[in-house]
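Summary of structural features
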Amino acid sequence: MSLINAQTRGVYTLFKKEVLRFWRVAFQTIASPMITALLYLLIFSHVLADRVQVYDNVAYTAFLIPGLIMMSLLQNSFANTSSSLVQSKVMGNIVFVLLTPLTYLQFFIAFLAGAVVRGFVVGFSIYLVAIFFVDLPIMHIGWVLVFALLGSALLGTFGIIAGIWAERFDQMAAFQNFVIMPLTFLSGVFYSIHSLPPIWQTISHFNPFFYMIDGFRYGFFGQGDISPWVSLGVVLTFLVLLVALSLKMLKSGYKLRG
Amino acid sequence: MAIPAIKIENVHKHFDDFHALKGLDLTVNQGEFFGLLGPNGAGKSTLINILAGLLRPSEGNVSVMGHDVVTDYQAARMALGVVPQELVFDPFFNVREMLRFQAGYFGRGKENDAWVDEVIESLGLTDKAHTNMRRLSGGMKRRALIAQALAHKPPVIVLDEPTAGVDVELRQLMWGFIRRLNQEGHTVILTTHYLEEAEELCSRVAMMKQGEVVALDTTANLLNKFPSKNLCLKLSAGNMPASLSSMVKHQDGQTYVLTLTELSQVEFALSELRKANAVIEDMQLNEADLEDVFLSLVGGA
């Protein structure tokens, strides 16, 4: 067997383990975020359906679904890498990976790919259930997939950074409650940021989640708060920055190797 | 000459102000069963973590089968199987899955499954192969941990205090298997607190103290270098005379262990006891063991 094959098999094994890890507890990692998203859909669509009209020809319920899909996709991509890393650090079983010949780049790729798969599985499950109830067009499948991919990669990378940094579960919970949650809720999941007061509109423009959700939604309806190309640029910039940071952490062995 | 299994050259490790390893030099040859002994804090685990790539040396070079653990770490880790000291496990998977994953990280695929099954069987894990790691008892977790280190069939095996808290049955099973691997050509490096274990298994021993190697020799030579004998006496009447108190190594009630540097001292001891009107109920003369060597090097001075 050539060395190339052995290297690929190493990455593939770690990726497979990361996928099986969440698949084994699918009720918690897939069904539970699905139910949460559908509850949001049920409540918000009942309360707001007659009052809010964001785009012409788009019912509020339909407007809401891409936001909910993207929110769940982002949160679950983050959860996959961050919880896997924190858990194996606290349990100590991270050594099983650290003792192997896997390079820091292979480690990164395998964990990230696991996060992307989790994001897609959760997002697609919500989509499948939602289209039973709501008429949801997809105008540009390309944009939908691009933003789903970049969004899950961005949050998966962010999860790697958080997972390496956090030493305990409560630190990770703080990260989730004080960073991830506010960023998701202030990003236009439930509304168009044009309906916000000007100051909050300005603040929202500094939130990368806004661009991911707006670009993703553009793929469904062909309209958004800003051009998908701008969103693409912003999301790519954030992705490159976070990937660079996490690779730097992994390469130096920060909090993993002494 | 064959490439050494492990070569450690002038290795220093600093943790902030603490100088954990002070210029260590050590070579372990292929096929050896090597013992690394020393009290807690001597630097054994630090050294092993450097070998494994979990720590980086502050200075010096370490190689495994000729591959530097820093610059050529992939090849070095490929050649190394480390059994960690802590009883760690992954709660999501069963024993066989874990072992196949572990082999997979090292690039091994289906062709390796027969070996994985052999390891499972040799360590008495067959009944537990499909049991989740979380549900295993402590002893079974320890076996699985050893199996994980062996999953990729490494030529060099490092066991960091593998028998701490392990019952006799498992200890024998484990050593039987490790010894077999050693006979088949695997190099084994063992750190342990149980000196009789090192004495029984290791052909060569290094003793460490405060980040330095204080003794390095074959087990037989180390024992010969300290040709002391232990005289074990049980007195039924009288006390140990003051003239013998410097020889007393250990006392438990009326049972005394005296260290003798020469056999002629037996006579001296007996005559002193007679003078003191002490009555000997039982007497035994034993060869010194590694513990005596260890204590004289590490414990005393």
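1. What to know about the overall build of chain B
On a plain count of helices and strands, chain B comes out with 10 helices and 14 strands. Overall size of chain B, expressed as C-alpha extent along the three principal axes, is 75 × 45 × 40 Å. For chain B, the proportion of its 301 residues judged to be buried stands at 41%. Taking all contacts inside chain B whose residues are at least 6 apart in sequence as the whole, residues at least 24 apart take part in 71%.

2. Overview of the interface of chain B and chain A
Each partner contributes to the interface: chain B provides 23 residues, whereas chain A provides 22 residues. Elements with a contribution of two residues or more to the side of chain B that touches chain A: helix 2 (73-78) and helix 3 (95-105) of chain B. Broken down by element, the residue count for the side of chain B that touches chain A peaks at four residues, all from helix 3 of chain B. Of the residues in the side of chain B that touches chain A, the class split is 12 nonpolar, seven polar and four charged.

3. Quick look at the environment of A278(B)
All names here are of chain B. Here A278 shows up in the loop between helix 9 (265-275) and strand 14 (279-287). Of the residues examined, A278 has 21 C-beta atoms within 10 Å and is grouped as buried. In this view, A278 contacts L235, A237, G238, N239 and L273; residues no more than four positions away in its chain are not counted.

4. Focus: unusual backbone geometry
With a phi close to 60 degrees, K255(A) is a non-glycine residue in the positive phi region. Mapped onto the fold, K255(A) is located in the segment after helix 10 (228-252). With phi around 50 degrees, D16(B) is a residue other than glycine that occupies positive phi space.

5. So, the sheet that holds strand 12 (residues 248-252) of chain B
Strand pairing in a sheet relies on backbone hydrogen bonds. The paired strands run either parallel or antiparallel. Residues and elements named next belong to chain B. Ordered in space as 12-13-11-14, the four strands form an open sheet in which the pairing is antiparallel. Taken across any chain shown, the strands that pair with only one partner, and hence form the sheet edges, are strand 12 and strand 14. Here the strands of the sheet are splayed against their neighbours by 20 degrees on average, with no regard to which way each runs. Across four bridges, the pairing between strand 12 and strand 13 (residues 255-260) is antiparallel. Residue Q251 lies in a different strand from strand 13, and its bridge partner there is Y256. The strands touched by helix 9 within the sheet are strand 11 (229-237), strand 13 and strand 14, with strand 13 carrying the most contacts at an inclination of about 140 degrees.

6. Description of the pairing of strand 2 (residues 18-28) of chain B
All names here are of chain B. With eight bridges joining them, strand 1 (residues 6-15) and strand 2 adopt antiparallel strand pairing. Residue I6 lies in a different strand from strand 2, and its bridge partner there is V28. With antiparallel pairing between neighbouring strands as the criterion, strand 1 and strand 2 make up a hairpin whose turn holds two residues, including D16 at a positive phi of roughly 50 degrees.

7. Remarks on the packing of helix 3 (residues 60-91) of chain A against helix 6 (residues 141-165) of chain A
All names here are of chain A. Packing of helix 3 against helix 6 leaves a shortest axis separation of 7 Å and a crossing angle of 30 degrees. With respect to their mutual orientation, helix 3 and helix 6 come out roughly parallel. As helix 3 runs across helix 6, the sense of the crossing is right-handed. Across from M70, L73, L74, S77, F78, A79, N80, T81, S82, S84, L85 and V86 in helix 3, the residues of helix 6 making contact are A148, G151, S152, L155, G156, F158, G159, I160, A162, G163 and I164. The residue makeup of the contact of helix 3 with helix 6, split by class, is 13 nonpolar, 10 polar and no charged.

8. Regarding helix 3 of chain A
Residues and elements named next belong to chain A. The end-to-end C-alpha distance of helix 3 is 45 Å, a good match for the 46 Å that 32 residues give at a rise of 1.5 Å each. Most of helix 3 is tucked away, with 25 of its 32 residues classed as buried. In the stretch just after helix 3, G92 is the one whose phi turns positive, near 90 degrees.

9. Quick look at the sheet that holds strand 5 (residues 67-68) of chain B
With antiparallel pairing, four strands are arranged side by side in an open sheet as 2-1-4-5 (chain B). Every interior strand has two partners, whereas the edge strands, strand 2 and strand 5 of chain B, have only one.

10. Observations concerning the packing of helix 3 of chain B against helix 4 (residues 113-122) of chain B
Residue and element names in this part refer to chain B. Following both chains from N to C, one finds helix 3 and helix 4 inclined at 130 degrees, their axes separated by 10 Å at the closest point. Relative to helix 4, helix 3 is oriented oblique. Crossing of helix 3 over helix 4 shows right-handed handedness. Of the residues in helix 4, those touching helix 3 at V95, R96, L99, R100 and A103 are D113, V116, V119 and I120. Its residues assigned to classes, the contact of helix 3 with helix 4 comprises six nonpolar, no polar and three charged.

Quick notes on the rules
Residues numbered from 1 in each chain as written. Chains lettered and ligands numbered in written order. Predicted model: local features only at pLDDT ≥ 70, side-chain atom pairs only at ≥ 80, totals over all residues. Helix = DSSP H or I, 4+ residues; strand = E, 2+ residues; numbered from the N terminus. Buried ≥ 20, exposed ≤ 12 C-beta atoms within 10 Å, placed from the backbone. Contact = placed C-beta atoms within 7 Å. Nonpolar A, V, L, I, M, F, W, Y, C, P; charged D, E, K, R; others polar. Pairing = 2+ DSSP bridges. Axes fitted to C-alpha atoms, helices over the stretch in contact; angles between N-to-C directions. Parallel < 35°, antiparallel > 145°, perpendicular 65-115°, else oblique. Left-handed = near helix turned anticlockwise from the far one by under 90°. Expected span 1.5 Å × (residues − 1).

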